[in-house]
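Tertiary structure, described
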Amino acid sequence: MRLSMINARSLHRILALIVGAQLIIWTLTGLAFNLIDDPLLDANALRAKPEKAQLISPQVTLAEITAQLTGSGTKQIDLKRVELNTLLGRPIYRIKTSSGNHAFWADTGEAVNLNREQLTRLAKQSYRGEAIFSEPILDEAAAQRYGGNPAFYRIDTHDERHTQIFIDGQSGQVKAHENLGSELKQLLFMLHFIDYYPDNGVSFNHLATRLIAFAALLLGLSGTWVLVRKLAAGDYISWQLISRASKKESKLTLLSPDGELLENIILAPGNLLDNLNHDRNRIASQCGGGGHCGMCRVRFVDQAPKATPEERARLKEELLAQGIRLSCQHNGHQGKLALTSRAQLRYWQKAQAEAEPALNPAQAPLVNESSPLE
Amino acid sequence: MLTPKQGRWLRKSHKWLTLFLGAQLLIWLISGLYMVLMDIDYIHGDHLVDDSRLTLDASQLTISPETILSRYPEATRLELLPTALGPVYKLNLTGKPLYLSGRDGEPLEPLSQQAAMKIAARLYPGNLSGASAELLTESTPAEVGGRHLPLWQINLNDAFDSRLYISASSGELVTKRHDFWRLFDVMWMLHIMDYETRENVHNPLLSGFSLLALLTALSGALLLLIAFKRGKEEPA
Ligand code: FES
């Protein structure tokens, strides 16, 4: 139990080191999704709805087309779905079979394989507004991304959004539009989902994503543990201190390692280290109150509070027995506290000298004299 | 590096930010983990439907697309779909789709319970003996969304309360739902903090919390600069 409590803080630190960067990425990209308006990220910002034209009666029957399909292959082909539609003013069959997707012109019975002129015409049809269109460019990566046939083309427009139009030349379908906005969206998804291979679509079920999400949850749980412990210890609000403060001012007395009086300090709510350092840096610290550096140690002269897990991890048993504790781990304490080393005393003296230059311009106050506050 | 004052200030910020945000931070982590752990195809209920056996049987197609088209010349699109009850024509006329039987070209009758169960049995790879069917005509359940009425709800009555929804007008599968999907939906709601429509990621509550979460993460990251520092073992 105790061991696991020590580990809560160390675990939190170590996990933060591992997933901290991703946590920042998550919050940043989450915030971006929240704040950026949908139209800005819309891939189809300039996409025109296909016109609905009355169907043109096919010259070639479905039966002839299926005969052509089964005739070309050796094994039996199962039909899954048939569509009759209009493409570039001509009737077209789109047929889904167990072996893949096929498209045939319904006026000639030929398999669809769009030429450059047709591709460009189709691209223009799918686009709202005026732009210059590039020649169709074969794009294998896009074919993979959109699960298209090998004859998969990209047409670049030179508009301000850099719209790109993707067409499957063998199905005659405009598969997608992309633009700078949709690329940004893709990038945000990639970062948020830790999916650095987005060429096969956006996915968040990767092992890496899962591991990092799990580590992040552990980070959250260990943090919660620390937080709950702090709450219970009165580190956020201490009723004891509040009720004491309302009655009369409470002070702590700071002594040198040898037990000589250094000064009296009026207590405010907050932990002991903050109290000791609130107007000047009396006690050195490296970890800023994290219970890790061990530099903020003081000796409780009368009754020492129960040692926390951080202290048991950081301080030797004999030090604990002497009443030495980490001041960042305890609340303001009414009573006597002593510094634990010459080094700490020198640090305190330096702070005094810096804080009271008028009183002692040349030298630090003598250790065995009362503090000016006294 | 950080001065002692900056270190204290950061630690305090981190401490108070996590106190106020803690619950939502945990909710984000838990809901996020749930969503990445659950396979999205499973969530979509792909295991509840196997339509690989569903093919168009040309022998049952006694009326050709050309004949259909001559009867409905105003159609803008014609589809031929396989269903467990034989091939069905779907025509796009002005506005709404029209479904015709591939056997006789007549508009489909609303699906009977028996027919709905037959379709479900064809789609569902498991055993349907415990299943029950309910015709929904008044309102589409929230878990379906959109307007699909009338709708047959096939309750598989399994451990995860799995349901198939089949359009009573076309016999098409509209969607499938189960408890892991429902939980996913709740997790998504919690993740984007839109407790009403469950789809608005642009809500101001989320903006506020995300911004504070960013500060929490940044203060935590800066604290890492000093978090591993150690003092001398035994100061002299
Ligand atoms: S300040 Fe580092 S342990 Fe207390």
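Just so we're clear, the structure is a prediction, and the values are computed from it rather than from any experiment. (Residues numbered from 1 in each chain as written. Chains lettered and ligands numbered in written order. Predicted model: local features only at pLDDT ≥ 70, side-chain atom pairs only at ≥ 80, totals over all residues. Heavy atoms only, no water.)

A look at the domain arrangement of chain B
Segmenting chain B into domains produces domain 1 (4-41 + 183-227) and domain 2 (46-177). One C-alpha centre belongs to domain 1 of chain B, the other to domain 2 of chain B, and the line joining them spans 43 Å. (Domains from an automatic or database assignment.)

Some points on the interface of chain A and chain B
Opposite the 71 residues of chain A that make contact, chain B presents 66 residues. Roughly 5700 Å² of surface becomes buried between chain A and chain B when both sides are summed, with 60% attributable to carbon and sulfur atoms. On the chain A side of the interface with chain B, the three residues burying the most area are N34(A), K80(A) and Y236(A), jointly 11% of the side's total. If you look at where chain A meets chain B, you find five salt bridges. Here R77(B) makes a salt bridge to E83(A), at a shortest N to O gap of 3.4 Å. (Contact = heavy atoms within 4.5 Å. Buried area = accessible area lost by both parts, 1.4 Å probe. Salt bridge = Lys/Arg side-chain N within 4 Å of Asp/Glu carboxyl O.)

A look at the domain arrangement of chain A
When the domains of chain A are assigned, the result is domain 1 (3-42 + 186-226), domain 2 (62-178) and domain 3 (239-363). Measuring from the centre of the C-alpha atoms in domain 2 of chain A to the corresponding centre in domain 3 of chain A gives 77 Å.

So, the packing of helix α7 (residues 207-232) of chain A against helix α1 (residues 4-37) of chain B
Each packed pair of helices is defined by two parameters, the angle between the axes and the distance between the axes. The interhelical angle for the contact between α7(A) and α1(B), taken along N-to-C directions, is 150°, at an axis separation of 9 Å. Here α7(A) lies roughly antiparallel to α1(B), going by the angle between them. When the axes of α7(A) and α1(B) are compared, the crossing they make is left-handed. Two secondary-structure elements touch here, α7(A) through T209(A), R210(A), A213(A), F214(A), A216(A), L217(A), G220(A), L221(A), T224(A), L227(A), K230(A) and L231(A) and α1(B) through K15(B), T18(B), L19(B), L26(B), L29(B), I30(B), L33(B), V36(B) and L37(B). Residues belonging to the contact of α7(A) with α1(B) are distributed by class as follows: 14 nonpolar, four polar and three charged. (Axes fitted to C-alpha atoms, helices over the stretch in contact; angles between N-to-C directions. Helix = DSSP H or I, 4+ residues; strand = E, 2+ residues; numbered from the N terminus. Parallel < 35°, antiparallel > 145°, perpendicular 65-115°, else oblique. Left-handed = near helix turned anticlockwise from the far one by under 90°. Nonpolar A, V, L, I, M, F, W, Y, C, P; charged D, E, K, R; others polar.)

A closer look at the confidence of the model for chain A
This prediction gives chain A a mean pLDDT of 87; 88% of its residues lie at or above 70. Here residues 361-374 of chain A scores under 50 on pLDDT; set against residues more than four positions off or in separate chains, the count is 22 contacts. (pLDDT = per-residue confidence, 0-100.)

A look at the confidence of the model for chain B
When the pLDDT values of chain B are averaged, the result is 91; 98% of them are 70 or greater. On the interface metric, ipTM, the complex scores 0.90, and its pTM is 0.88.

Concerning the environment of G130(B)
Residue and element names in this part refer to chain B. Structurally, the position occupied by G130 is in the loop between α4 (113-123) and β4 (132-136). You can call G130 partly exposed: its relative accessible area is 45%. Counting along the chain gives 65 residues from G130 to Y195, while the straight-line C-alpha distance between them is 34 Å. (Buried < 20%, exposed > 50% of the residue type's maximum accessible area, 1.4 Å probe, protein only.)

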